[in-house]
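Chains, contacts and geometry: an overview
Here is what each chain is made of, one letter per residue.
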Amino acid sequence: MVDLSVKIGQMCLKNPVMTASGTYGFGEEYADLVDLSRLGGIVVKGTTLEPRQGNPYPRMVETPSGMINAVGLQNKGVDYLVEHIYPRIKDYDTALVVNVSGRTVEDYAAVCERLRTLDKIAAVEINISCPNVKQGGMSWGTTTAGCESVVSACRRAWDRTMIVKLTPNVTDITEIARAAEAAGADSVSLVNTFLGMAIDVERRRPYLSTITGGLSGAAIRPIAVRMVWQVSQAVKVPVIGLGGIMNGRDAVEFLLAGASAVQIGTANFIDPQVTIKAIDYIRDYMERHGIERIADLRML
Amino acid sequence: MLWRIMKQIIDFEVTECAQMGPNYALLRLRPLRGEMPSIEPGQFVQVEVPNSKTTYLRRPISVNYADRHELWLLVRRAGAGTNALCNLPEGARLNIMLPLGHGFSTDVRGRALLVGGGVGVAPLRMLGRRLLAQGVEVHFLLGARTSADVLQLDLFRQTAETHVATEDGSWGHKGLVTAHPILQEPWDHIACCGPMPMMKAVAAIARERGIDCEVSLENVMACGLGACLCCVEDTADHGNVCVCQEGPVFNIKRLKW
Ligand SMILES: Cc1cc2nc3c(=O)[nH]c(=O)nc-3n(C[C@H](O)[C@H](O)[C@H](O)COP(=O)(O)OP(=O)(O)OC[C@H]3O[C@@H](n4cnc5c(N)ncnc54)[C@H](O)[C@@H]3O)c2cc1C
Ligand SMILES: Cc1cc2nc3c(=O)[nH]c(=O)nc-3n(C[C@H](O)[C@H](O)[C@H](O)COP(=O)(O)O)c2cc1C
Ligand code: FES
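Residues numbered from 1 in each chain as written. Chains lettered and ligands numbered in written order. Predicted model: local features only at pLDDT ≥ 70, side-chain atom pairs only at ≥ 80, totals over all residues. Heavy atoms only, no water.

**A look at the overall build of chain B**
Short version of the rule: Strands here are runs of E lasting at least two residues and helices are runs of H or I lasting at least four, both read from the DSSP assignment and numbered beginning at the N terminus. Atoms counted for the radius of gyration: C-alpha only. Globule rule: 2.2 Å times the number of residues to the power 0.38. Buried residues are those whose accessible area, probed at 1.4 Å on protein chains only, stays under 20% of the maximum for their type, while exposed residues exceed 50% and partly exposed ones sit between those limits.
When helices and strands are counted, chain B shows five helices and 16 strands. Since a compact globule built from 257 residues should have a radius of gyration of about 18 Å, the 17 Å found for chain B is in line with a globular shape. With the principal axes as the frame, chain B shows a C-alpha extent of 45 × 45 × 35 Å. Counting all 257 residues of chain B, 59% fall into the buried class.

Right, here's the structure in full:
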């Protein structure tokens, strides 16, 4: 019998497939098209202490096998999540993870603090990797000291599972991963988007209002797989792999690279049912290869 | 809307791909299984584009016509994705997510002018038929660069009184739709879909004369479901809102332009 369940810190997932923050709203947006109770977990949209309008339109441009976004953490703030959104999603039969972002260390910790009252939130994912905000966001994730200060503050404010989401826009991602682990992370997830840029050559202007943005989708997958492989050798905590997963095969690739679970983002825009198909594929794959547990999925 | 139609993903077969000059095609589609959900005028679909190496995301396209067994999409060749759609052979399969967004308000009385520009005429006939059935007096005003860009003129004429403006004067009134004399008549409601400069000009006229007016926006989209927040429009009442979910149709009272 194949057992798809996975444990990340104290959080139990029924299978290793989660949705990536910012690409799945609060799950509700996909409820017509997907049986959400089949998902391993849902990571909801990046949440900050105060409401944020995000960046001006245009915020998205398609690029070869990918897209660059500059949404910039538009959200209604943690109080709105607590009062209005949480009551609507709390009974989903899947692990709920809130992606937390902030300008200052105190902001991050305050959001975690507010979330503590919500019993059904299994974990927070500390986003020290958003390339689309001027202050905070990625700047915390590009130095070991920045990472250490945010992660240890959140650790003090949050006693359930804490995942730290890493940016790939660094020279050595293993260094940051180790700093997150040392500061108390129960898991690291990677990658967030790669800083990218695209220009409309006829109009001679950048496509995005912010000029640069975050590249996601199939285009980034080989780099993400390489980073997941490196990080999984550098830390003891479980690694959650993501970046350009388009189908079940790609999900298995990340698991073989050393990830304990995966997240799927951009691919949901193309096939909203990709997560369910990936779960079925992983089960089939394990049966075909005579592998019983996710932890035994390893490269030969 | 009193009830909400569930979004679905349906495989369609192309029953006809009729070229309309060099720049447009009308795709007639049949669901491979089951029936079409009901669709409101102004709602759109997200089409997965086959046969295009460079097209990654789905493409949003308005519903031109729909009944329980058929879906029509009117497509302009704007780039690689829409080109591939316009080149589909009969029998090709298309995977489509629908129905998406909120369409035009049908709570209209009196006299309504439905203004379309280029491929933006696509959703207007469905709206016109709905309003006519409610006893509204409907006129269409179609604008285009040349007579070759006036799409589905016969169908519009069969439906209601139709006025045309072409920039080169090759059909109807010469000049922009906004200079057409029919706009000067008294209207209770204007619905508009077309290029941004046209919608802005029509909105300006409606504002000046105090006419209730809706426009259909075409912001660049990724998910089409309200999940990614890529397609936002800055509104007067709620700041950035998703065009794919709250729109694509907006009353100009909500818009900042
Ligand atoms: C709600 C909605 C309804 C639509 N309905 C129709 C329809 O009924 N028929 C139809 O032909 N088209 C419609 N469009 C526009 C259509 O989606 C775009 O033309 C298409 O996505 C372009 O894809 P492409 O791969 O052909 O071109 P691309 O190579 O992606 O783009 C070609 C050029 O068009 C520009 N462009 C692409 N998308 C947009 C956009 N959304 N707004 C402005 N400029 C853009 C690009 O910057 C580029 O310069 C609709 C769009 C929306 C959002
Ligand atoms: C439109 C969009 C919005 C995103 N918003 C967030 C966010 O709020 N927080 C976050 O940690 N990551 C965010 N991301 C990054 C994704 O969660 C993911 O790390 C990245 O897209 C790579 O995975 P993918 O290629 O499967 O999409 C966003 C990505 C996209 C495309
Ligand atoms: S296109 Fe994703 S929210 Fe509108």
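Let's pick the thread back up.
**Some details on the domain arrangement of chain B**
All names here are of chain B. The following threshold applies: Note that the domain bounds reflect an automated or database-derived domain assignment. Only heavy atoms matter for contacts: two residues are in contact if any of them lie within 4.5 Å across the pair. Note on terms: buried area is the combined drop in 1.4 Å-probe accessible area of two parts once they are placed together, counting the loss on both. We define a salt bridge as a side-chain nitrogen of Lys or Arg found within 4 Å of a carboxyl oxygen belonging to Asp or Glu. Any N or O atom pair separated by 3.5 Å or less is treated as a polar contact, with the protein-specific requirement of one donor-capable and one acceptor-capable atom, and with residues adjacent in sequence counted only for side-chain atom pairs. Here the nonpolar group is Ala, Val, Leu, Ile, Met, Phe, Trp, Tyr, Cys and Pro; Asp, Glu, Lys and Arg are the charged ones; every other residue, Gly included, is treated as polar.
As far as domains go, chain B holds domain 1 (8-100), domain 2 (111-215) and domain 3 (217-257). Its C-alpha centre places domain 2 at a distance of 22 Å from the equivalent point of domain 3. Each side of the interface is counted separately: domain 2 has 10 residues, and domain 3 has nine residues. Overall, the association of domain 2 and domain 3 removes approximately 950 Å² of surface from exposure, summing both partners, and the carbon and sulfur fraction of that is 60%. The largest share of the area that domain 2 buries against domain 3 comes from Arg 207, Glu 214 and Val 215, three residues that together contribute 50% of it. Taken together, the links from domain 2 to domain 3 amount to zero salt bridges. If you look at where domain 2 meets domain 3, you find five residue pairs in polar contact (both at pLDDT 80 or more). Elements with a minimum of two residues in the side of domain 2 that touches domain 3: helix H4 (196-209) and strand S13 (212-216). Per element, the largest residue contribution to the side of domain 2 that touches domain 3 is six residues, and it comes from H4. For the side of domain 2 that touches domain 3, the per-class residue count stands at six nonpolar, no polar and four charged.

**Section: the interface of chain B and chain A**
Between chain B and chain A, the contact holds 30 residues from the first and 30 residues from the second. Together, the buried faces of chain B and chain A total about 2,500 Å²; carbon and sulfur atoms form 58% of this surface. At the junction of chain B with chain A, the criterion picks out one salt bridge. Residues A:Glu62 and B:Arg59 are paired through a salt bridge, measuring 2.8 Å at the closest nitrogen-oxygen approach. At the level of secondary structure, the elements contributing two or more residues to the side of chain B that touches chain A comprise strand S1 (8-20) and strand S15 (239-242) of chain B. When grouped by side-chain class, the residues that make up the side of chain B that touches chain A number 17 nonpolar, eight polar and five charged.

**Notes on helix H4 (residues 173-182) of chain A**
Residue and element names in this part refer to chain A. Taken together, the buried positions of H4 are Ile 173, Thr 174, Ile 176, Ala 177, Ala 179 and Ala 180. Taken together, the buried residues of H4 touch helix H3 (144-157), strand S9 (161-165), strand S10 (187-190) and helix H5 (221-234). Just past H4, the residue Gly 184 takes up positive phi, approximately 110 degrees.

**Details of the site of ligand 1**
What counts is decided by this rule: Each residue is tested against the molecule or strand, and it is near if at least one of its non-hydrogen atoms lies within 4 Å. The method behind every accessible area is Shrake-Rupley, applied with a 1.4 Å probe, and residues are considered shielded solely by the protein chains displayed.
In the neighbourhood of ligand 1, 22 residues make up the surrounding shell, with B:Pro60, B:Leu74, B:Arg76, B:Gly81 and B:Thr82 lying closest. Ligand 1 is flanked by residues contributed from chains A and B. One nitrogen or oxygen atom from the main chain of B:Pro60 is found 2.7 Å from an oxygen atom belonging to ligand 1. Here an oxygen atom of ligand 1 and a backbone polar atom of B:Gly79 are 3.0 Å apart. Taken by itself ligand 1 offers 890 Å² of open surface, and the protein chains cover 74% of this. Per-element tally for the shell around ligand 1: the top contributor is strand S4 (residues 59-62) of chain B, with four residues. Residue composition of the shell around ligand 1, grouped by class: 14 nonpolar, five polar and three charged.

**Quick look at the environment of B:Val150**
Residue and element names in this part refer to chain B. Along the chain, Val 150 falls in the loop between strand S9 (137-144) and helix H3 (153-159). The exposure class of Val 150 is buried, given its relative accessible area of 15%. With 21 residues separating them along the chain, Val 150 and Trp 171 place their C-alpha atoms 8.5 Å apart. Those residues in contact with Val 150 that lie beyond four places of it in its chain are Leu 142, Ala 144, Val 164 and Thr 166.

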